[in-house]
Structures are given as structure tokens and as C-alpha cells.
Amino acid sequence: MSLRERKKAKTRAAIRQATYRLAAEQGWDAATTERIAAAAEVSPSTVVRYFPVREDILLTAENDEELEARLRARPAAEEPLDSLRAVVLEAVRASLDEEPEDTLLRARLMAEIPAVRARLTETTAETGRRLARAIADRTGRDADDLEVRVFTASALGALREAVLYWAERGRTDDLVALLDATVDTLKTGLKPGGDVPITPRARPDRHVTPRVPARP
């Protein structure tokens, strides 16, 4: 990145960390734009310039471009749903491994704060539009093709519901296993018999969900 881009990334990171710290210590309502700005040592107008919607500090993904690139890099013969499974699960594992407390806090706020949950739906749609372009190219279709839009929206909507399910139930389950099972449900359809225990797929470095920090 250029020097200017590095400075912008540093500012965005400072705003994010200040927001997470305030929300963890004092609650989401206390994380006002003014207090976030003071904690990040920037002006309120800078916070608004980088994040016009306050909830976006929690939800906007810096790695959407990377997700699209990874999706495009998957094997050409792989089914689109399996490709999407692979890149999303990889991103979630990285988030849990690299920033476990922030990931858990973000999930709790998604479950508890209506404005955060509502904005999550909007940001998921924005991510879907980006990934739809990659899926369209992989399948020889137009990004605005109805089937491409339905497929992408359905898959990301289902994964979003799995995250909310995890968050609403205390965030103690294996999130990666839940997401994996969600994709299986999309592939095989709904079967009778009620809830089935989720068993993580065996892998050498399977993630173990970290301890949930105490609520502020």
C-alpha cells in the first residue's frame, strides 16, 4: 500500500479498536461517535467520514475484496456452494484465531442490538453483490442473472442466520461446524426429525472456540 493508504488503514483500525473497547467496557449505547473519536484520537468528523453508519464500525468487512479473490481462485470444476463454503469457513477461522474477543463481542451485539442486526442484513447484501460477480464469472452467467442473485443471497443469508443462532445461544458452540452444517442443509434440504447435534468435521487444526469474556 502507499503511505496514504497505510495511514487510512491505521486510522480505520484505531477507530475500530476504540469502538470495541468502549462497547466491551461500557456497552454499545456508550460508544457514541464523539466518545469513539476521543478514544481513537481523531475528530468526530473523521469517524463519520470513515464510517457514515456507526454500526458499520462493527460490521463492514475489510476483507470483502480478499473473499472475492479467494472465491475466484477456487478450482474451476468445484461446485459454487462448495467454493463459497471453503472461503467463508477460512475467513471465520481466521477471525476466531486472530481476534477472538472482538469476534465474540461483535456476535453478542448482533444478537442483542436491533440496529446492529438490521445493519448486518444490509452489509450481507453488499457482500453478496461482490461475491455474485465472482460466482457469475465462474458459471458463465451475468452477475445480475436472477439465479445468481438468488443463489448468492440464499447462501449468505443462511450463513448469517447460523452466526446469529450461535450468538443467541451464548457463542459456546463451534461456529465453524455450525456454518459447515448450514451449507450441508442448503445442499441436502430440510430433513424431518428436529435438531441434530452438530459434529465438527475432523481436521488437524480444528478451531476451539475461546472463552466468552464477561459482559460489561
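Residues numbered from 1 in each chain as written. Predicted model: local features only at pLDDT ≥ 70, side-chain atom pairs only at ≥ 80, totals over all residues. Heavy atoms only, no water.

Undergrad: For this particular structure, what's the right way to read the nonpolar core?
TA: Soluble globular proteins: nonpolar side chains tend toward being buried together. Formed by 51 residues in total, the largest nonpolar core has its most connected members in I15, L84 and L179. Among the elements that take part in this core, helix 9 (residues 146-168) stands out by supplying 9 residues, more than any other. Ignoring anything within four residues of it in the chain, the contact list for I15 reads I36, A40, V42, T46, V47, Y50, F51 and I57. (Core = buried A, V, L, I, M, F, W, Y, C linked by side-chain atoms within 4.5 Å. Buried < 20%, exposed > 50% of the residue type's maximum accessible area, 1.4 Å probe, protein only. Helix = DSSP H or I, 4+ residues; strand = E, 2+ residues; numbered from the N terminus. Contact = heavy atoms within 4.5 Å.)

Undergrad: Could you clarify how one ought to interpret the packing of helix 9 against helix 10 (residues 175-188) in this entry?
TA: Any two packed helices are characterised by the angle at which their axes cross and by the distance between the axes. Where helix 9 contacts helix 10, the two axes come as close as 9 Å, and the packing angle between them is 140 degrees. As the angle between them shows, helix 9 and helix 10 are arranged oblique. Here helix 9 runs over helix 10; the crossing is right-handed. The residues of helix 10 that touch helix 9, namely those facing A155, A158, L159, A162, V163, Y165 and W166, are L175, L178, L179, T182, V183 and L186. When the residues that make up the contact of helix 9 with helix 10 are grouped by side-chain class, the tally is 12 nonpolar, 1 polar and no charged. (Axes fitted to C-alpha atoms, helices over the stretch in contact; angles between N-to-C directions. Parallel < 35°, antiparallel > 145°, perpendicular 65-115°, else oblique. Left-handed = near helix turned anticlockwise from the far one by under 90°. Nonpolar A, V, L, I, M, F, W, Y, C, P; charged D, E, K, R; others polar.)

Undergrad: Looking at this structure, how should I read unusual backbone geometry?
TA: Leave glycine aside and you will find that most residues have negative phi; peptide bonds, for their part, are mostly trans. The phi dihedral of E41 falls on the positive side, at around 60 degrees, and the residue is not glycine. For E41, the location among the structural elements is in the loop between helix 2 (33-40) and helix 3 (44-50). One non-glycine residue, R171, adopts positive backbone phi at about 60 degrees. Positionally, R171 belongs in the loop between helix 9 and helix 10.

Undergrad: So what exactly am I meant to see when it comes to the pattern of salt bridges here?
TA: Charged atoms that come close allow side chains of opposite charge to pair. A full pass over the atoms with the stated rule returns 23 salt bridges. E78 is paired through a salt bridge with R74; the nearest N and O atoms lie 2.9 Å apart. Classification of R74 as partly exposed rests on a relative accessible area of 28%. Note that R141 is salt-bridged to D145, the shortest N-O span being 3.5 Å. When salt bridges that share partners are traced, they join E79, D82, R85, D180, D184 and K187 into one network. (Salt bridge = Lys/Arg side-chain N within 4 Å of Asp/Glu carboxyl O.)

Undergrad: Even after reading the chapter, I still don't get the environment of V183, so can you show me in this structure?
TA: Here V183 is to be found in helix 10. Note: C-alpha distance between V183 and A158 (25 residues apart in sequence) is 8.0 Å. Setting aside residues no more than four positions away along its own chain, V183 makes contact with L81, R85 and L159.

Undergrad: Sorry, what's going on with the confidence of the model for the chain here?
TA: Atom-level detail of predicted coordinates should not be read off regions where pLDDT is low. In this model, the chain carries a mean pLDDT of 86, and residues with pLDDT of at least 70 account for 88%. The weakest mean pLDDT in the chain belongs to helix 4 (residues 56-59) at 88; the strongest belongs to helix 2 at 96. Taken together, the stretch residues 202-216 has pLDDT below 50 and engages in 29 contacts with residues farther than four places along the chain or on a different chain. (pLDDT = per-residue confidence, 0-100.)

Undergrad: How should helix 6 (residues 80-98) be read in this particular structure?
TA: Given 3.6 residues per turn, any residue in an α-helix points the same way as the ones three and four places further on. With 19 residues, helix 6 extends 27 Å between its outermost C-alpha atoms, agreeing within 8% with the 27 Å of an ideal straight helix rising 1.5 Å per residue. Among the residues of helix 6, L81, S83, L84, R85, V87, V88, L89, V92, S95 and L96 are the ones counted as buried. Buried positions along helix 6 lie against helix 5 (64-73), helix 7 (100-112), helix 8 (114-139), helix 9 and helix 10. (Expected span 1.5 Å × (residues − 1).)

Undergrad: Hey, could you run me through the packing of helix 7 against helix 8 in this one?
TA: In contact at an axis separation of 5 Å, helix 7 and helix 8 are set at 100 degrees when each is read in the N-to-C sense. Between helix 7 and helix 8, the interaxial angle falls into the category roughly perpendicular. Mapping the contact onto sequence places L109, M110, A111 and E112 in helix 7 and P114, V116, R117 and L120 in helix 8. A class-by-class count of the residues in the contact of helix 7 with helix 8 yields 6 nonpolar, no polar and 2 charged.

Undergrad: How should the side chain of T182 be read in this particular structure?
TA: Of note, T182 is situated in helix 10. For T182, the contacting residues outside a window of four places in its chain are A158, L159 and A162.

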